[in-house]
Amino acid sequence: MAPTPLPLPLPLEQMPGVGGGGGGYLPAGQEGGPRINTMSMSVLIDFIIQRTYHELTVLAELLPRKTDMERKVEIYDYAARTRHLFTRLNALVKWGNSVSKVDKSSQIMSFLDKQNMLFVETADMLARMSRETLVRARLPNFHIPAAVEVLTTGTYNRLPTCIRERIVPADAITPAEKRQTLLRLNQVIQHRLVTGKLLPQMREFRIRNGRVTFEVKHEFSVSLTVMGDNPTVPWRLLDIDVLVEDKETGDGKSLVHPLQVNYIHQLIQARLVENPNALSEVYNCLHYFCQSLQLEVLYTQTLRLNYERLDDNNITVEEYVPGVKLTVSYWRDLKSELGYRLTVQSDPSEIGRPLAVVHVPSLGAKESAEVADRAVRSEHLSMERLIVHTVYIRSVSRLSDLKLEFQAFLKDVDFNLQGTPAILTVPVLSPCLRAEQIHITIDTHTGMFRCHVPKHLDCPITEEMQDCLNGDRGKLPALLSELRFWITHRRCDKTLQHLPATATETLPFLTPPEQELLQPGRHKIYVKLHRHPNIVLVVQLKEKSTMPNEMEYTFHLGFVAFQKDEQDVIDDSAKQLVSVVAQPHSDIPKCYSKLMRLIEFDTFVATHGPGTEVDAEVSPHKRKSNGDLLAPPAKQQKTIFPAYFIPELAHVVAMCDEKIPFMNLAQTLSKHNIPHSGLQVEANATSLVLKILALPQPGKTTFVNQQQQQQGPAAGTGENKPSGASGLPKIEPHVWDDLMRRVLSISVRSQTNKNSQVRIWVVEFVFYSTPLQSSHQKEQGSRRTVYLTYEQANHDFSKTVEDLLNDWSKIVYLYTLVYDFAEQLRNKRLSLCDMLVVKSYSYMNLLLGYGPKKEVSCNIYWSVQSHGFRLTFVGGMSAVNAHSMMRDQLAQHLNQQHSLTQIAQILHETYNPMSSIAKLPVLPFLGIPRPQVPVLSFCMLAQSPCLMRLTYQAVYCLELRFRANRLVSIRDGASSRFERNVVEEFTPIQGLKAFLSKYVDESAAYRGRAAHEDDNPLSPMEDAFGGPSSVAGVSAGGSSPFLCTGMRGPQSPRDSGLRFPAPHTPPSSSNPHTPASPHPSAGAAGGSGAQGHGNFNLTSPPAPHMPHPSPSGLMPSSPLNPQPSPHMVHSPGPNTLYMQSHQDSPFTAMSPANNNWPGSPSMPRPSPRPGQSPEHKSTGGGAGGAGGPDRAGSRVTLNRPWAGAVPTLLTHEALETLCRPSPHPNKDINVPDMSPLERFLGCVYMRRQLHRNIQSEETLTALNSTEPGVVLFKVDGLQCQVVLNQMHMQTLHLKISQLPPMPDKLPPPFQLSQDDLMVIEQYFDTRVAAPPYRPNSLHSICRLLNLPAQVLKDFVQIMRLELKPELGGDQLKWTVQMCMRMPPSAVPIVPIGNACVVLGRMKILFFLQITRIPYGAGMGVPKDWKDSPSLVLPIVYDIQTNVTQMAERTGQVTSPTMTAASTLLRRFAEFNAQQNQCTLFPAITDLLTNLQLATEMPQPPPNQSIGPPVGVGVGVGVGVGSSPNPMMPMQQLQPQQVGPQGPVGPGVYPQMGPNPGGPQ
């Protein structure tokens, strides 16, 4: 069956509200608003979609059940309907485009409809008024007279008179008449009261305002008046107020209802008429009513108490007669004949009296009246108060009877009965705290006795005593005695609470002891001492016969041994006083006690010491002593201790705990044969002291004394101590006697550490002065004390004595050194006072201050563990103590020689060189041998007090030997001192001799040589090792330079470490280890250059422009001996001698006078010597003086590999200059300050690594060079030479030259210009061979040199742009820096720290670090580079395809800036491909010009100055309006076309400061 089709939507014109007719009008008030029957377009579309979807869903459900034809018909109908519907929707949407016009028309129509409606309604209303309303309209007849009267007079007098008479009240009387009437009425009432009869209960009244008010307390208040002055006029009752209240159960409501009050009012008023005793009738009625009400309130309260809080066993209402009486019983548990009850009743004999209370059993009249007044005759009517007060009076009565029973057997005891509820306190002891007294009270509910001791609520005896009080009281005295002993036990526990002891009532005896005292009983206490497990104090308790409340104490000291069973054998040591060592509780097995011995104390003697004052009139057994302390006055005896404190027990326990360790220590001292005076009490009873009479001389029994007698004060003569003098110092008899004379006393005391609460021994040594006076302010008196502390926790007294003897040995051995040192210190010839100062000497430690300001310290003490002296060094406020590096060597020397004078000399002589050495860095660095392996820059290894080894990066080693006269000899530590071999761990330092020679002070060198070194002729073997210039000093044999004085081992008998020879006159011949100044033709390095250098700040060289001839031609140019030449010219090569001897070298073509090689060191020519001409050649012999060596040979000798093995003498000032950080000689290299030695070793290391690279790289070809220290190699048409700057030997320089073409080969198609070669040289000097010295930078530069010339030229352009960023002009937004090593922030393609220039498969991978140029305020304003963003870009250049792009790894997430850079490079490779020109530098320039950040700021104004990001180039100056180099054309800066921006050329830019950071 086909579904019923849905109704089609009506056309728009047929919708209601649209079109003409009445339906077009809007409701009233909505004419100007939106028209009704409108719908939102979105809602309409939503409805249409829902309808379409619904019909489609219905079709999907119904069509499967129909035939094919029916399905087609239904689908067609659905499609037709849906099409028609959406066609209409489409038309409606199109019509909606002009809906604004329709809205305007609709508003106009609405306005016109509204106006039309208004006109029609107006006409209709006017017609209706004229036809209907106005036809019947009439005016009324107005009352004109009344209106005139009201309007004119303001009143209306025409009303009827009846209204006035019935409604309007009469005029009130005046206030004066009111007052007169009330006063008259008061007189009438007063007269009636005076003439009538008044009851006594109604004598309290007051008359006011014409009424009299009578008030009966706690019952009622009534007011009456009279209506006239006639005596027969009756009283008129005005008001009744019932005063009875129930404040407990009434909830604040009135107890009498107003209707009841009205009834009583009417009743009394009726009785007042014609009644002669009217007032008595009023009282009788109200009094009876109020008493009945009071009884009802009490009855109600009793029922409420019984129901809510109390039960029938506590209180019960036995009888209640309303208005008559109420009887209540209480304490029903007490078995009494009459019982306990009370009755509240009215007085039957006299009705006017208040309620009375009758007690059974009867109470006194006074107590009964007091109970009634408190509970009934008060404002607070309360049955509970009545019962409570009755119970209180009953309790006081029963406790008073019990007090009389106690007084029968406790006499002279102060009982106290007080409090609410009543409490009877019975003192048990004397004195006794209130909390320790027995508190007896009565249970208010049951009437039973209750007792307790507030301080001891857990006392088991109180329950027995309570039963005794409520039953048979015959056992009361015995129970009191037991309670007295029990409280005494608790007092003992409280007394021992803060003492190292524990009280117990029993001990685990395996067999019962035989002593009667220790038999089972309850009147003794065992006190276990914590520090002495085998000691037990037995306290016997007794009651005094005369005063049972006072206790007597008897003390016994017992020695206990421990056994597991009866077969366990106990030795005799348990009977001695020495305590066993305490073990942890976990280690102690369960054992039993066995009493070995028992000693009884005399209590008086034990509690009275030598300083205790004793009153003769007081019995010695009175408890008035205070131990060994001074007794205070008698008036304060009761306030010294609280009652629970037992001073006798505390004193005896403290005495045992204090004296037992002393006794043990005294026995141990006796075992060690140490005499002592026994335990004594010091003056004024301050403490216990054990005096030691003498201590033995250390080393007699335990060690064999091998120390020989020390020599006299000859430390300054250079004589050595015998090498066999080792072991313990020898104690001379006179030294021992002097020490014994100085020892005044040795006292042993015991103290408690306040922090750890541990008992310690304090041993006090008192000495008389010292042989060595110190500058310490506390060591100026004659009495010197030394305090030593030892712990008592382990109970090992033998160890304590051994520790004491060890500390005594410290004092004695140090005194042996100090005794001799004090005599030498007083010797003015040795000048020891100028070398050091004694800061402190405490007999245990000697503190010496030395150094320039005497602020560094050396602490000397004896070490028991090492059986020798130990030294500790402490720096000062402005200096560090570098002697800590050779602490062990100095201690070994002191233990061998036993001479403080030598130590003082060594510390004084080696302070400056050690301080200089300490300035060398010791931090570990990465990237030296391998990037991930840290290596120490410098490592100090002390060999002896005068011998120090320095290792540099675990490759090079320097051996420093400290000598006298402020000299230090330095040699290459890689050369063995015993044979002509090299130590395997180290590498010889090439050029070390020449480098050190620049710091040699010839005058000091002559002072340092001994006389025999000049007298012995040279051996022929020495010439084979380089002549006399390689030997620092020759031994007597003179056969080998390795056997000289400066190269002997520390064990050699002739090696003195520090020698102090007498000064000698320098001979006329030259120093054997220092070459003569080279001739100008030899090209050797001279003195300081044309400009001053930071390394030469220790001397004052003459001005460079002043001629200064050398005095003898023997002094080399060095920082300590500058000899500048008056004419300074730059040499293009590092060595002119090499150029003269090698004619094929490219250096020979360059004249030193016509060319200025930027980047090469300035090499001043030495001034001509007397007798020498400028043409003097180095081949002549003896030019330096008689027997002088050949100068060229000396130069060659200095550069021999083994020349550094010969020691070189330097002064302390020269060593300071060598080790102190100073600015780099090349001021254009912005690096932190570094010492000249580190720079030299770094350059030597880099040169060595370069040589190894040349040998390992196949593309580099090594060339032979006769010049030592020069690395010569060639690569792809270039010849490279790397040399040290011979002026200061702290920088490496590269010199590159083009190789001439081979005769049989064509010249290369492309060659680098001379300017490009200079840029490479400059880049090598400032970026590769500069600090920090990393060998991987050499790998990168060597790989760059191996590139084709056309590609290398683009890298040269990048180098030029890095050295001179201002050459890029205004167009560049970034500065560029080429990375030689892999930085950590780069993409991890190459391991960090490795060479980041990688060649392979005709591709070049390198890394560039670019930094955003910050915007500046204008010309010449420095820019802030601190927050400038920086990126490290991995660049790949393909030589075959000539494409430059970024290296990207698959799956790597890059930053937006890196992505932008990669896009720029790809775009440049796509649109700016050049076939005959390398695209590397143009692509980089385009990247630096066009790369923008995501948050890019507006473009800077033109002609903005650009600062360099990494540093200013060396040797390339840019003048205003000139080319960077006069010989470099502008076209060589960049290619002709660089991307879309065109060529970039130099402009007029100020030179900016360097930007720190970035890889080097």
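The model shown is predicted, which means the values in this text are computed figures rather than measured ones. (Residues numbered from 1 in each chain as written. Predicted model: local features only at pLDDT ≥ 70, side-chain atom pairs only at ≥ 80, totals over all residues. Heavy atoms only, no water.)

Observations concerning the overall build of the protein chain
- On a plain count of helices and strands, the protein chain comes out with 33 helices and 42 strands.
- A total of 1560 residues make up the protein chain; the buried ones form 47% of that total.
- Residue pairs at least 24 apart in sequence account for 61% of intrachain contacts in the protein chain once pairs closer than 6 positions are excluded.
- By element, 55% of the accessible surface of the protein chain is carried by carbon and sulfur atoms, the whole surface being about 79900 Å². (Helix = DSSP H or I, 4+ residues; strand = E, 2+ residues; numbered from the N terminus. Buried < 20%, exposed > 50% of the residue type's maximum accessible area, 1.4 Å probe, protein only. Contact = heavy atoms within 4.5 Å. Areas by Shrake-Rupley, 256 points an atom, 1.4 Å probe, with all protein chains shown as cover.)

Observations concerning the sheet that holds strand β8 (residues 356-360)
- As summarised here, the arrangement of the four strands in space is β5-β6-β7-β8, forming an open sheet in which the pairing is antiparallel. The open sheet has two free edges, formed respectively by β5 (315-321) and β8, since each of these has just one partner strand. Adjacent strand axes in the sheet meet at a mean angle of 15° when their direction is disregarded.
- Contacts between helix α10 (residues 383-409) and the sheet are confined to β5, β6 (325-330), β7 (340-345) and β8, with β6 contributing the most and set at about 50° to the helix. (Pairing = 2+ DSSP bridges. Axes fitted to C-alpha atoms, helices over the stretch in contact; angles between N-to-C directions.)

What about a nonpolar patch on the surface?
- Taken together, the side chains of V150, Y156, L159, I163, I167 and V168 present a nonpolar region at the surface, about 550 Å² in accessible area.
- Among the structural elements, V168 can be located in the loop between α5 (162-166) and α6 (175-195). (Patch = residues over 30% accessible without salt bridge, like charges linked within 9 Å, V, L, I, M, F, W, Y side chains within 5 Å. Salt bridge = Lys/Arg side-chain N within 4 Å of Asp/Glu carboxyl O.)

Here's the deal with the packing of aromatic side chains
- Applying the stated criterion across every chain, the model contains 24 aromatic pairs.
- The structure contains a cluster of three or more aromatic residues connected by ring pairs, namely W736, F765, F767, W808, Y815, Y819, Y841 and Y843.
- Here the basic side chain of R1412 rests over the ring of W1374, its NZ or CZ set 5.8 Å away from the ring centre. (Phe/Tyr/Trp six-rings, centres within 6.5 Å; stacked < 30°, edge-to-face > 60°. Lys NZ or Arg CZ within 6 Å of the ring centre and 35° of its normal.)

Some remarks on the sheet that holds strand β23 (residues 836-841)
- The four strands lie next to each other as β23-β24-β25-β26, forming an open sheet whose pairing is antiparallel. Strands with a single pairing partner mark the edges of an open sheet, and in this sheet they are β23 and β26 (868-874). For this sheet, the mean angle separating the axes of adjacent strands, direction not counted, is 25°.
- As defined by bridge partners, β23 adjoins strand β24 (residues 846-850) across five bridges and the pair is classed as antiparallel.

Structural notes on the state of the cysteines
- The final tally for this structure, using the stated rule, is zero disulfides.
- With no disulfide of its own, C1379 has C1396 as its nearest cysteine by sulfur position, at a separation of 5.3 Å. (Disulfide = S-S within 2.5 Å.)

Some thoughts on the environment of F562
- The residue F562 is located in strand β16 (residues 551-563) in this model.
- Taking relative accessible area as the criterion, F562 reaches 40% and is therefore assigned partly exposed.

Topic: helix α20 (residues 900-918)
- Residue Y911 marks the point of greatest curvature in α20, where the axis turns by about 50°; the proline P913 follows within four residues.
- Most of α20 sits inside the fold, with 16 of its 19 residues counted as buried. (Bend = angle between axes of the 7 residues up to and from the residue.)

Some thoughts on helix α12 (residues 476-495)
- Between its first and last C-alpha, α12 extends 28 Å over 20 residues, near the 28 Å set by a 1.5 Å rise per residue.
- Buried residues dominate α12, accounting for 14 of its 20 residues. (Expected span 1.5 Å × (residues − 1).)

What to know about the nonpolar core
- By size, the foremost hydrophobic cluster in this structure holds 175 residues, and its most contacted members are F765, L846, I860 and M948.
- Apart from the residues within four sequence positions on either side, L846 is in contact with L772, L814, V818, V838, S840, Y841, C858, N859, I860 and L900.
- Counting residues in hydrophobic clusters, the runner-up holds 104 residues, among them L185, I240, V244 and C492. (Core = buried A, V, L, I, M, F, W, Y, C linked by side-chain atoms within 4.5 Å.)

Some remarks on the packing of helix α29 (residues 1314-1328) against helix α31 (residues 1349-1363)
- Look at α29 against α31: their axes get within 9 Å of each other, and the N-to-C directions meet at 55°. Looking at the two axes, α29 sits oblique to α31. As for the relative orientation of α29 and α31, their crossing is left-handed in sense. Along its contact with α29, which presents D1315, D1316, V1319, I1320, Q1322, Y1323, T1326 and R1327, the element α31 presents L1352, K1353, V1356, M1359, R1360, E1362 and L1363. (Parallel < 35°, antiparallel > 145°, perpendicular 65-115°, else oblique. Left-handed = near helix turned anticlockwise from the far one by under 90°.)

A closer look at the confidence of the model for the protein chain
- For the protein chain, per-residue confidence averages 75 on the pLDDT scale, and residues scoring 70 or more make up 73% of the total.
- At the low end of the mean pLDDT range in the protein chain sits helix α24 (residues 1020-1024), at 34; at the high end sits strand β25 (residues 856-863), at 94.
- Below pLDDT 50 for its whole length, residues 616-639 participates in 29 contacts with residues either more than four positions away or in separate chains.
- Across residues 1500-1560, confidence stays below pLDDT 50; counting only partners more than four residues off in sequence or on other chains, it has 167 contacts. (pLDDT = per-residue confidence, 0-100.)

Overview of the pattern of salt bridges
- Inspection of every chain in the model, using the stated rule, returns 37 salt bridges.
- Of the charged contacts in the structure, one is a salt bridge between K799 and D803, with a shortest N-O distance of 3.0 Å. Here the residue K799 and the residue D803 both occupy positions in helix α17 (residues 797-825), the gap between them amounting to four residues, near one helical turn.
- With its nearest N and O atoms 3.3 Å apart, the salt bridge here joins E959 to R971. Taken together, the residues E959 in strand β31 (residues 956-963) and R971 in strand β32 (residues 967-972) connect sequence positions twelve residues apart.
- Residue classification places E959 among the buried residues on the basis of a relative accessible area of 2%.
- Taking relative accessible area as the criterion, R971 reaches 1% and is therefore assigned buried.
- Through salt bridges that share partners, E682, R749, E764 and R783 make up one connected network.

Side note on the packing of helix α15 (residues 647-671) against α17
- One way to put it is that α15 packs onto α17 with a least axis distance of 9 Å and a crossing angle of 65°. Once α15 is placed against α17, the crossing between them reads as right-handed. Every residue of α17 that contacts α15 at P661, N664, L665, T668 and L669 is listed here: F797, S798, T800 and V801.
- Grouping the constituent residues of the contact of α15 with α17 by class yields five nonpolar, four polar and no charged. (Nonpolar A, V, L, I, M, F, W, Y, C, P; charged D, E, K, R; others polar.)

Remarks on the side chain of T554
- Relative to the helices and strands, T554 resides in strand β16.
- Residue T554 is classed as buried on the basis of its relative accessible area of 17%.
- Setting aside anything within four residues of it in sequence, one finds T554 in contact with V538, V539, Q540, E600 and T603.

Here's the deal with unusual backbone geometry
- With an omega of -10°, the peptide bond between V360 and P361 qualifies as cis.
- Position of P361 relative to the elements: it lies in the loop between β8 and α9 (365-375).
- Cis rather than trans, the peptide bond between T420 and P421 has omega equal to 0°.
- Positive phi outside glycine occurs at H218, with the angle close to 65°.
- Mapped onto the elements of the fold, H218 is located in the loop between β2 (211-216) and β3 (220-226).
- Using a relative accessible area of 27% as the deciding quantity, one classes H218 as partly exposed.

Regarding the pairing of strand β37 (residues 1292-1298)
- In terms of residue burial, β37 counts as a mostly covered element, since six of its seven residues are buried.
- The pairing of strand β36 (residues 1278-1284) with β37 spans seven bridges and is classified as antiparallel. For Q1281, the partnering residue across the bridge sits in β37 and is K1295.

Description of the environment of A964
- Mapping A964 onto the fold places it in the loop between β31 and β32.
- Distance in space between the C-alpha atoms of A964 and I906 is 9.4 Å, their sequence separation being 58 residues.

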